[in-house]
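The chain contents come next:
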Amino acid sequence: MIVVEHLTKYYGEYHAVRDVSFEVEKGQVVGFLGPNGAGKSTTMRILAGFLTASSGKATIGGKDVFWDPIEARRRIGYMPESCPLYTDMRVDEYLRFRGGLKGLSRSECKKRLGFVLDRCWLKDVSRQIIGTLSKGYRQRVGLADALLADPPVLILDEPTAGLDPTQIRETRKLMRELGEVHTMLLSTHILSEVEATCDSVIVIYQGQVVEDGSLAAVRKRHRNKPLEDIFVQLTGQEGI
Ligand SMILES: Nc1ncnc2c1ncn2[C@@H]1O[C@H](COP(=O)(O)OP(=O)(O)OP(=O)(O)O)[C@@H](O)[C@H]1O
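As annotated in an unreviewed UniProt entry, the protein chain carries the name ATP-binding cassette domain-containing protein and is attributed to Gemmata palustris. Per UniProt, the comment on the protein chain under Sequence similarities (unreviewed entry) is "Belongs to the ABC transporter superfamily."

Right under this line is the structure:
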């Protein structure tokens, strides 16, 4: 469903993503791990069509993100690390506006709006101005936006960042449920989240893939060490 081949990104002279290749099969939930600055957000932004690669190729459901961006984007719900929300709009207005941009009809939009407000715990704040929401609530609006058009692929960049412990637990539950119907690439620094939610992991370090496989296969390759120890070994990090 997601195919990345020899993806490279330079920011000026800086080589942020170096010859990255991986595949995410339909229905898989994949944790995208790596220390700060490893290149996770850059890769995700390229997949979501917000950034062009310097070289290499990426397709979503067979549609090239560079050559066929509209069709590729139609298949993706993307939640960036910090959601670029229109802070002067009310939550429901903003989501209706986003639904229009995503090509939903008025009746589809109404139906999906009800669903995402409910699923992302936004019903009580649906008439609130986005600029007055706390960071965690804004994250939820970003997640609601990603889910709005019911895309087959979800690309979520640190979806639990900024949430309180109760919401982290609820969001993990939601991720598990979403994983039943969507193909998901999910970046996070919380390894317990990966163990609770993901089938597979891709570990990226200094712009390169250093591990890729099912959780079981990765554990087996590393003599059944805890995921945290595997991460530290692969990235030379004491923490993420
Ligand atoms: N617009 C930019 N211009 C220059 N360098 C950038 C730009 N965006 C990102 N970088 C650099 O590229 C590298 C990869 O950044 P990226 O945001 O992809 O990392 P990340 O793995 O998502 O990190 P984090 O876990 O901190 O979010 C970092 O060294 C970052 O400073």
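The ligand sits among 14 residues. The nearest are Asn36, Gly37, Lys40, Ser41 and Thr42. Take Tyr11: an N or O atom from its side chain is 3.4 Å from a nitrogen atom of the ligand. Residue Ser41 places a side-chain N or O atom 2.8 Å away from an oxygen atom belonging to the ligand. Relative to its free-state accessible area of 640 Å², the ligand is covered by the protein chains to the extent of 62%. The set of elements that each furnish at least two residues to the shell around the ligand consists of strand 2 (14-24) and helix 1 (40-47).

Applying the stated criterion across every chain, the model contains 13 salt bridges. Between Arg127 and Asp92 there is a salt bridge, with the nearest N and O atoms lying 2.9 Å from each other. Here Arg127, found in the loop between helix 4 (106-119) and helix 5 (135-148), pairs with Asp92, found in helix 3 (residues 91-101); they are 35 residues apart in sequence, far enough to count as distant. Since its relative accessible area comes to 47%, Arg127 is described here as partly exposed. Classification of Asp92 by relative accessible area gives buried; the value is 7%.

In terms of domain boundaries, the protein chain breaks down into domain 1 (1-75 + 153-240) and domain 2 (83-150). Centre-to-centre separation of domain 1 and domain 2, based on C-alpha positions: 24 Å. In this complex, domain 1 contributes 15 residues to the contact, which on the side of domain 2 involves ten residues. With both sides pooled, the region where domain 1 packs onto domain 2 buries about 1100 Å², and carbon together with sulfur makes up 62% of that total. Remark: the boundary between domain 1 and domain 2 carries one salt bridge. Here Glu177 makes a salt bridge to Arg119, at a shortest N to O gap of 2.4 Å. Counting only elements with at least two residues in the side of domain 1 that touches domain 2, the list comes to strand 7 (153-157) and helix 6 (165-181). Tallying contributions element by element places helix 6 first for the side of domain 1 that touches domain 2, with seven residues. Its residues assigned to classes, the side of domain 1 that touches domain 2 comprises eight nonpolar, four polar and three charged.

Turning our eyes to something else, we now look at the pairing of strand 10 (residues 208-214). When strand 9 (residues 200-205) meets strand 10, the two strands line up antiparallel, connected through six bridges. Bridge pairing links Tyr205 to Gln208 in strand 10. Connecting the antiparallel pair strand 9 and strand 10 is a turn made up of two residues, with Gln206 showing a positive phi of about 50 degrees.

The rules we used
- Residues numbered from 1 in each chain as written.
- Predicted model: local features only at pLDDT ≥ 70, side-chain atom pairs only at ≥ 80, totals over all residues.
- Heavy atoms only, no water.
- UniProt positions renumbered as here; feature names shortened; annotations may be inferred.
- Near = heavy atom within 4 Å.
- Polar contact = N/O pair within 3.5 Å; in protein donor to acceptor, adjacent residues only side chain to side chain.
- Areas by Shrake-Rupley, 256 points an atom, 1.4 Å probe, with all protein chains shown as cover.
- Helix = DSSP H or I, 4+ residues; strand = E, 2+ residues; numbered from the N terminus.
- Salt bridge = Lys/Arg side-chain N within 4 Å of Asp/Glu carboxyl O.
- Buried < 20%, exposed > 50% of the residue type's maximum accessible area, 1.4 Å probe, protein only.
- Domains from an automatic or database assignment.
- Contact = heavy atoms within 4.5 Å.
- Buried area = accessible area lost by both parts, 1.4 Å probe.
- Nonpolar A, V, L, I, M, F, W, Y, C, P; charged D, E, K, R; others polar.
- Pairing = 2+ DSSP bridges.

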